[in-house]
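Overview (structure and organization)
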Amino acid sequence: EPTPENPTPKLNRLREEFAATGSGDQDGNVWDPFALELIEAASEDNIKRRDLYDGAPLLTTLDPRRLLNPWARGPVALCGDAA
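Residues numbered from 1 in each chain as written. Predicted model: local features only at pLDDT ≥ 70, side-chain atom pairs only at ≥ 80, totals over all residues. Heavy atoms only, no water.

1. Here's the deal with the overall build of the protein chain
- Along the protein chain, the regular secondary structure elements total 3 helices and 2 strands.
- Starting at the N terminus and ending at the C terminus, the protein chain contains elements arranged as α-α-α-β-β.
- Burial status across the protein chain gives 10% buried among its 83 residues.
- Considering only intrachain contacts with a sequence separation of at least 6, the fraction spanning at least 24 residues in the protein chain is 35%. (Helix = DSSP H or I, 4+ residues; strand = E, 2+ residues; numbered from the N terminus. Buried < 20%, exposed > 50% of the residue type's maximum accessible area, 1.4 Å probe, protein only. Contact = heavy atoms within 4.5 Å.)

As structure tokens, then:
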């Protein structure tokens, strides 16, 4: 939540995460500076958090069909971050 000391906490967190500084991750990968440009163009109110969760663990379901093809049924499959 915004506070008088930090009125834009979401933007500040994203600025830190996507800053193209330092040596990057263990493989040397860094974010493209364009990612930070997109963040700078956003307002605090337009930033929404959407948590992503994986499906139920395969071994906790009793449906044997899930073990063979957990994300598809017939010609339909769930895939991608919009699924």
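2. Some remarks on the pattern of salt bridges
- Applying the stated rule across the entire model yields 2 salt bridges.
- As a salt-bridge pair, Glu17 and Arg13 come within 2.5 Å of each other at their nearest N and O atoms. Highlighted residues: Glu17 and Arg13, both in helix H1 (residues 9-18), separated by 4 residues, approximately one helical turn.
- Residue classification places Glu17 among the partly exposed positions, given a relative accessible area of 45%.
- Residue Glu40 is joined to Arg15 by a salt bridge in which the shortest nitrogen-to-oxygen separation is 2.9 Å. Pair noted here: Glu40 is in helix H2 (residues 33-41) and Arg15 is in helix H1, with a separation of 25 residues, a long-range link. (Salt bridge = Lys/Arg side-chain N within 4 Å of Asp/Glu carboxyl O.)

3. So, the packing of H1 against H2
- Contact pair H1 / H2: the axes reach a minimum separation of 9 Å and the direction vectors enclose 175 degrees. When the axes of H1 and H2 are compared, the pair comes out roughly antiparallel. Contacts between H1 and H2 pair Leu11, Leu14, Arg15 and Phe18 from the former with Ala35, Leu36, Ile39 and Glu40 from the latter.
- Partitioning the contact of H1 with H2 into residue classes produces 6 nonpolar, no polar and 2 charged. (Axes fitted to C-alpha atoms, helices over the stretch in contact; angles between N-to-C directions. Parallel < 35°, antiparallel > 145°, perpendicular 65-115°, else oblique. Nonpolar A, V, L, I, M, F, W, Y, C, P; charged D, E, K, R; others polar.)

4. Considering the environment of Glu37
- Structurally, Glu37 can be placed in helix H2.
- A residue is classified by how much of its surface remains accessible, and Glu37, at 52% relative accessible area, is exposed.
- Linking Glu37 and Ala19, residues 18 residues apart in sequence, is a C-alpha distance of 9.9 Å.

Purely spatial values, then, with no claim about function.
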